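# Topology and contacts: notes
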Amino acid sequence: MTTALIQALDAQLQQLEAKGLRRKLRIAETACAPTVQVDGRDMLAFCSNDYLGLAAHPKIAEALCEGVALYGAGSGASHLISGHTRAHAQLEERLAAFVAPHLESPRAMYFSTGFMANQAILTALGGADTEIFSEALNHASLIDGARLSRSKIHVYPHGDCDALAGLLAASTAAIKLVVTDSVFSMDGDLAPLPELLALCEQHGAWLLVDDAHGFGVLGENGRGALEHFSLRSPYLIYMGTLGKAAGVSGAFVAAHETVIEWLLQKARAYIYTTASPPLLAHALMTSLAIIEGEEGMQRRAHLQELIRHFKQSLALQHWQLVPSMTAIQPVIIGSNVPAMQVAARLHADGMWVPAIRPPTVPVDTARLRVTLSASHTFEQVGRLAQALNAYEAAALTEAAA
Ligand SMILES: *Cc1c(COP(=O)(O)O)cnc(C)c1O
């Protein structure tokens, strides 16, 4: 039976479809890697955030098996009841030590997801006495966390430190919290963290850095955006995710031990959820060891060379690369329909690159979000670049005819 409620939803779904905005799932049949089988077809993929190629690393898979032998499958309870295992505690110590050069008296706290970690930080530090200063291109989890915190929110324009300075100077809030992605997920560019941190120190504000796309990848040792910019400050609150470059799942917050103790008391997204399976924390220690070690260094170096190779191989006239030095290398096409057509042509040629449209990105900046991974080869990246060059040339010829 179709109720009126279902009919109303169906009508709205059809509207999305008509606007070309209805999202669809694709089913990957194989592990996350440059070549994947999707809906029964072998594809060369440029869509994952598996920047170091660790998602299917045999040593991490082995550590997961070891973890299940040690701890079984589930944690059985939330952290503050009985779900906080030795694996969780060890991982938190390792993570705190890893980012220690950049923070004062650091402690780390492991979360099931980055989405929850952001929500936890913002709601625990937010409230009537708090004003949040949020970068315009921040990730959805930061936007939602800020709203949920019931703080007053000021959105400052992308990368605009002068605007932020004005807002901070005008604020009389007892607690000021500046919130930014380090690497913007749809553009790949970096936030001006040194300038932002200087402003925060000057105005006595926290700087929450969401390093989802930097942790493991940026910095000589993979410590992320803080290492990349050589920052250290007691005003920093650092959020790194562990499902992207680290190849597993989860996230962590690292900050002064008092901040973490406060989160432990107040963060509902930590307190009222079952602790993630201990085997994940156990395997993440192997992932961290790879990131920190020689292999991580080599993977980061290879990724940098792939990024250079991709940029050098592209010869675009109208479509534009975003100025990005990271593994996120979007190609801006412009309007939605051509962007979808290019993605469909790539797909037909066996290459999987997601097209990103508004409202995820601003109107008329529909793009292909190319992400590179250390597990790609030069040949694979070259193949994508050549295809894009050829499609653009064909599109220009068609337009001229
Ligand atoms: C992916 C992402 C998150 C969420 O992390 P998950 O662990 O996937 O929930 C948060 N912030 C940014 C910028 C992200 O790209």
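Going along each chain's sequence as written, the residues are numbered from 1 onward. A pLDDT threshold of at least 70 governs which residues receive local features in this predicted model, and a stricter bar of 80 or more applies before side-chain atom pairs are shown or counted, although totals over entire chains, interfaces and linings include all residues. Hydrogens and waters are ignored; side-chain quantities use all the structure's heavy atoms.

### Comments concerning the side chain of lysine 176
By the criteria applied, helices consist of DSSP H or I runs no shorter than four residues and strands consist of E runs no shorter than two, each listed in order from the N terminus. Checked against the element boundaries, lysine 176 lands in strand 6 (residues 175-181). Accessible area is worked out with a 1.4 Å probe on protein chains only. A residue is then buried under 20% of its type maximum, exposed over 50%, and partly exposed in between. Residues scored as positive are Lys and Arg, those scored as negative are Asp and Glu, and His as well as the terminal groups of each chain are ignored. The working definition used for a salt bridge is a side-chain nitrogen of Lys or Arg within 4 Å of a carboxyl oxygen of Asp or Glu. Buried and unpaired, lysine 176 has no salt bridge, with glutamate 131 as the nearest side chain of opposite charge at 7.5 Å. In contact with lysine 176, other than residues within four places in its own chain, are Glu131, Phe133, Leu168, Ser171, His203, Ala205 and Trp206. By definition in these notes, contact holds between two residues if any of their heavy atoms fall within 4.5 Å.

### Examining the domain arrangement of the protein
For the domains described, the bounds stem from an automatic or database domain assignment. Per the domain assignment, the segments of the protein are domain 1 (25-56 + 294-400) and domain 2 (58-292). For the pair domain 1 and domain 2, the number of links is one salt bridge. With a shortest N-O distance of 3.1 Å, arginine 367 and aspartate 187 are connected by a salt bridge. Polar contact criterion, stated in full: a pair of N or O atoms within 3.5 Å, where within protein one must be able to donate a hydrogen and the other to accept it, and residues adjacent in sequence count only if both atoms are side-chain atoms. If you look at where domain 1 meets domain 2, you find ten residue pairs in polar contact (both at pLDDT 80 or more). Going through the elements one at a time, helix 13 (294-313), strand 11 (328-334) and strand 14 (366-371) are the ones with two or more residues in the side of domain 1 that touches domain 2. Throughout, the ten residues Ala, Val, Leu, Ile, Met, Phe, Trp, Tyr, Cys and Pro are labelled nonpolar, Asp, Glu, Lys and Arg are labelled charged, and all others, Gly among them, are labelled polar. Classifying every residue of the side of domain 1 that touches domain 2 by side-chain character gives 14 nonpolar, five polar and six charged.

### Considering the packing of helix 5 (residues 114-125) against helix 10 (residues 257-266)
One way to put it is that helix 5 packs onto helix 10 with a least axis distance of 10 Å and a crossing angle of 95 degrees. In terms of orientation, helix 5 lies roughly perpendicular with respect to helix 10. Within the contact between the two elements, helix 5 uses Ala120, Ile121, Ala124 and Leu125 and helix 10 uses Trp262, Leu263 and Lys266. Residue classes in the contact of helix 5 with helix 10 are distributed as six nonpolar, no polar and one charged. Helix axes are fitted only over the stretch in contact, all axes being lines through C-alpha atoms; the angle between N-to-C directions runs from 0 to 180 degrees. When describing relative orientation, an angle under 35 degrees is termed roughly parallel and one over 145 degrees roughly antiparallel, while 65 to 115 degrees is termed roughly perpendicular and anything else oblique.

### Quick notes on helix 13
Here the expected span of a helix is defined as 1.5 Å times the quantity of residues minus one. An ideal rise of 1.5 Å per residue puts 28 Å on 20 residues; helix 13 measures up with 29 Å between its terminal C-alpha atoms. Burial in helix 13 covers these residues: Gly296, Arg299, Arg300, Leu303, Leu306, Ile307, Phe310 and Ser313. Buried residues in helix 13, looked at end-on, bunch into an arc of 155 degrees, giving them a common side. Exposed side of helix 13, more than 90 degrees from the buried face: Glu294 and Gln312 are the residues found there. Note that the arc is defined by the directions from the helix axis to the C-beta atoms.

### Description of the packing of helix 4 (residues 86-99) against helix 12 (residues 278-292)
At a minimum axis distance of 8 Å, the contact between helix 4 and helix 12 shows a crossing angle of 25 degrees. As summarised for this structure, helix 4 and helix 12 are arranged roughly parallel, according to the angle between their axes. Between helix 4 and helix 12 lies a crossing whose hand is left-handed. Along its contact with helix 4, which presents Ala87, His88, Gln90, Leu91, Arg94, Leu95 and Phe98, the element helix 12 presents Pro278, Ala281, His282, Leu284, Met285, Leu288, Ala289, Ile291 and Glu292. A per-class count over the contact of helix 4 with helix 12 returns eleven nonpolar, three polar and two charged. With the far helix as reference, a near helix turned anticlockwise by less than a right angle produces a left-handed crossing, and one turned clockwise produces a right-handed crossing.

### Looking at the sheet that holds strand 10 (residues 320-321)
Reading across the sheet, the four strands line up as 10-11-14-13 and stay open at both edges, with antiparallel pairing between neighbours. In the strand order of this sheet, the two ends are held by strand 10 and strand 13 (355-356), each with one partner. Pairing of strand 13 with strand 14 involves two bridges; the strand directions are antiparallel. When the bridges of strand 14 are listed, alanine 355 appears paired with leucine 368. Where helix 13 meets the sheet, it contacts strand 10, strand 11 and strand 14, and its direction lies at approximately 25 degrees from that of strand 11. Relative to the sheet, helix 14 (residues 336-348) contacts strand 11, strand 13 and strand 14, its axis offset from that of strand 14 by approximately 35 degrees. When DSSP finds at least two bridges between two strands, those strands are taken to pair.

### Side note on the site of the ligand
We call a residue near a molecule or strand as soon as one heavy atom of that residue lies within 4 Å of the molecule or strand. Around the ligand, 13 residues are found, and the nearest of them are Gly114, Phe115, Asp210, His213 and Lys244. Note that an oxygen atom of the ligand is positioned 2.7 Å from one of the backbone N or O atoms of glycine 114. For the ligand, an oxygen atom lies 2.6 Å from a polar atom in the side chain of lysine 244. Element by element, the count of residues in the shell around the ligand is highest for helix 5, at three residues.

### Here's the deal with the nonpolar core
The biggest cluster of nonpolar side chains holds 84 residues, and the ones touching the most others in it are Phe215, Phe310, Leu346, Leu368 and Leu388. Ranked by residues supplied to this core, first place goes to helix 12 with nine residues. In contact with leucine 388, not counting residues within four places along its chain, are Phe310, Leu314, Leu316, Trp319, Val331, Val342, Leu346 and Leu368. Note on terminology: a nonpolar core comprises buried Ala, Val, Leu, Ile, Met, Phe, Trp, Tyr and Cys residues joined through side-chain atoms within 4.5 Å.

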